[in-house]
Amino acid sequence: MEAIQELEGHTDRVWSVAWNPVASSSNRSVLASCGGDKTVRIWEGDCSDSSSSSSSWNCKAVIDSFKRTVRSCHWSPDGKLLATACFDGIGAVWEDVGGDYECVATLEGHENEMKSIAWSASGTLLATCGRDKSVWIWEMEAENDFQTVSVLNGHSQDVKTVLFHPTEDILVSSSYDNSIKVWAPDPNGDDWSCVQTLAEPNQGHSSTVWSVAFDADGKRMVSCSDDLLLVVWDTSTNPLESSWLSFIILLPLIFKFCLFRKHLCTLSGYHERTIYSVHWSRRSGLIASAAGDDAIRVFAEANDPSYTSRAVFSMVGKQQKAHSTDVNCVRWHPKDDDILASAGDDGLVKLWRILS
Amino acid sequence: MALQNANPVIHERKATRRQRPSIGDESAAEEIDALEVFDILFLGLDRIWPRDIRDPEHPYSLEQLNVLAEEGIEVDDKQSYVRVTFTPTVQHCSMATLIGLCIRVKLMHSLPPRFKVDIRVAPGSHSTAAAVNKQLNDKERVVAAMENPYLAQTVRDCLAPPEEYE
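Reading the values: rules and limits
- Residues numbered from 1 in each chain as written.
- Chains lettered and ligands numbered in written order.
- Predicted model: local features only at pLDDT ≥ 70, side-chain atom pairs only at ≥ 80, totals over all residues.
- Heavy atoms only, no water.
- Buried < 20%, exposed > 50% of the residue type's maximum accessible area, 1.4 Å probe, protein only.
- Helix = DSSP H or I, 4+ residues; strand = E, 2+ residues; numbered from the N terminus.
- Pairing = 2+ DSSP bridges.
- Polar contact = N/O pair within 3.5 Å; in protein donor to acceptor, adjacent residues only side chain to side chain.
- Contact = heavy atoms within 4.5 Å.
- Axes fitted to C-alpha atoms, helices over the stretch in contact; angles between N-to-C directions.
- Left-handed = near helix turned anticlockwise from the far one by under 90°.
- Nonpolar A, V, L, I, M, F, W, Y, C, P; charged D, E, K, R; others polar.
- Core = buried A, V, L, I, M, F, W, Y, C linked by side-chain atoms within 4.5 Å.
- UniProt positions renumbered as here; feature names shortened; annotations may be inferred.
- Buried area = accessible area lost by both parts, 1.4 Å probe.
- Salt bridge = Lys/Arg side-chain N within 4 Å of Asp/Glu carboxyl O.

Trainee: Describe the pairing of strand β19 (residues 220–225) of chain A, and please don't skip the residues or the numbers.
Mentor: Residues and elements named next belong to chain A. Of all the 6 residues making up β19, 6 are buried; the element is thus mostly covered by neighbouring parts of the structure. Note that strand β18 (residues 209–214) and β19 share 5 bridges and pair antiparallel. Its bridge partner being in β19, F214 is matched across the sheet by M221. Following β18, the chain reverses through 5 residues before pairing antiparallel with β19; G218 in that reversal takes a positive phi of roughly 75 degrees.

Structural data, given as structure tokens:
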């Protein structure tokens, strides 16, 4: 992989980056970043431009009204809204109004630091989580008005990440309690509850699970942890594809979704320090990871993906010293297979092109 | 707040330090070793203000209370790695997290950014050692804690020079 851009501007570590899924096309991309300097920066540029001297990239907006570290940011599926999670415990939704980003909604309720915020595939739900161990689900009732749908308690420790399934209304959370929890709406639809916990007994993680990512259609999920492992899970909802579901064939009649996820593959021996972030490319199927050993790694599947009861992945790329310090986040470009964005403790956002 | 360890055992400070070129000279690619880290935590060097980390409950330094000793510091300069192992004064000491935080902040300010630092309580020395260690080594938790102004001030107080230097 080669570095194609370095975006300077943040004055403290950058925690997360997010590509606008709609605005990013072949010659113009929009990227949001957030960090310890209490700002969100919106960058715009051309990914095919790899010259740093006359770079097309510029920071087109800065949101600096936050009171504490902005830990994560996530664009809505239609690309019109940006949701942010801040250590002051408040979630916010921002809209580009003539070049300036205005706050159109706030989500208050968490008792302390909010760590992650995520949109559902439909764009009508938001999920948040934080150090108070809870996961909240919010629904957009009217234009820019979000109401609490559920406050979900189940994790025994700080919740690091929440993420919705790419197509279904299923939510996944990962925590300092070493587990991943799967949440779904109750059959009567009024509330959500935990339908499965993936922990050490299921071949899960033995330390904090920092993040999770789904593949393009949500049939598989990868998780990353302080235990230095990446774990790939089968999360397919089609009962016929999951090999051990015959005995619960009755349950899909009661529950809308198949709820049982299982371990597929563990990637060990690659990372030297905590893996903070993982992302699965919707287009190329490659998995990228960001770790505290300053490296970005890329993994590819080595077997036939239709053989669903097993998965074999191998590392196909590694960028040592991707940043001069910890790499906190990696995100694949939504349209361009080869482009990856990363965020580091060095205060930089970097763009990379994967070379074949 | 009642003191948890009202009668600590005081150990003698090491009287001698070996001579070495002063760090802080940016042009020299200095190698960091255990003694250097020990000094950062205890005495500093000429160009850095002499600082001690003090046990939050007592005016004595952590060295004098045998909480932190040179043997507890492991440094691999080539790998840019440091591990500090400390022994809290009592088994259930709730100050363990604070002491560990002080060590982390002090090293963050004193070591080149290339260093990865792990901090832990000595195995068997604390009733919830694993829980304390996990918190001390969770970067996000440390950053969030240090954004708390009261905690940040407490850490600053612990890292402030003892009265004799003023």
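Anyway, onward from the coordinates.
Trainee: Tell me about the side chain of K115 of chain A, residues and numbers included.
Mentor: Topologically, K115 of chain A is positioned in strand β10 (residues 114–119). Under the relative-accessibility criterion, K115 of chain A is labelled buried at 1%. A polar side-chain atom of K115 of chain A sits 2.9 Å from a polar atom in the side chain of E140 of chain B. Excluding anything up to four places from it in sequence, K115 of chain A contacts R71, S72, A85, F87, C129, G130, R131, D158, V159 and K160 of chain A together with E140 and R141 of chain B.

Trainee: Mind laying out the packing of helix α2 (residues 96–110) of chain B against helix α3 (residues 129–136) of chain B, listing which residues take part and the relevant values?
Mentor: Residues and elements named next belong to chain B. Where α2 contacts α3, the axes come no closer than 10 Å and their chain directions differ by 30 degrees. The element α2 and its partner α3 pack so that their crossing is right-handed. Touching A96, T97, G100, L101 and R104 of α2 are V132, Q135 and L136, all from α3. Looking at the contact of α2 with α3 residue by residue, the classes come out as 4 nonpolar, 3 polar and 1 charged.

Trainee: Mind laying out the nonpolar core, listing which residues take part and the relevant values?
Mentor: Core analysis: the largest hydrophobic core is formed by 33 residues, its most contacted members being V37, V82, F86, I103, L107 and L111 of chain B. Those elements giving two or more residues to this core turn out to be α1 (34–42), β2 (81–86), α2, β3 (116–121), α3 and α5 (149–159) of chain B. Counting residues in hydrophobic clusters, the runner-up holds 18 residues, among them A32, I42, V70 and Y101 of chain A.

Trainee: Before we move on, could you go through the side chain of T208 of chain A and cite the residues and values that matter?
Mentor: Relative to the elements of secondary structure, T208 of chain A occurs in the loop between β17 (192–198) and β18. Discounting residues that sit within four places of it in the chain, T208 of chain A has contacts with K160, S175, Y176, N178, C224, S225 and D226 of chain A together with K134 and D138 of chain B.

Trainee: Go over the UniProt feature "repeat: WD" (unreviewed entry) in chain A, please, and point to the residues and values.
Mentor: All names here are of chain A. Here the UniProt feature "repeat: WD" (unreviewed entry) sits at residues 7–44, 107–148, 152–183, 202–243 and 320–356. The distance separating the terminal C-alpha atoms of residues 107–148 is 8 Å; by composition the span is 0% helix and 62% strand. What you have in residues 320–356 is 0% helix and 46% strand, and the ends, taken at the C-alpha atoms, are 17 Å apart.

Trainee: Before we move on, can you summarise helix α4 (residues 139–146) of chain B with the specific residues and values?
Mentor: Residues and elements named next belong to chain B. Taken across its 8 residues, α4 has 6 buried, putting it largely inside the fold. Residues of α4 that are buried: K139, E140, R141, V142, V143 and A144. N-cap assignment for α4: the residue whose side-chain oxygen lies 3.0 Å from the backbone N of E140 is D138.

Trainee: Describe the interface of chain A and chain B, naming the residues involved and giving the relevant values.
Mentor: In this complex, chain A contributes 25 residues to the contact, which on the side of chain B involves 15 residues. Summed over both sides, the interface of chain A with chain B buries roughly 1,700 Å², with 43% coming from carbon and sulfur. At the junction of chain A and chain B, the tally comes to 11 salt bridges. With a closest N to O distance of 3.1 Å, K139 of chain B and D345 of chain A form a salt bridge. Taken together, the residues of the side of chain A that touches chain B break down into 5 nonpolar, 7 polar and 13 charged.

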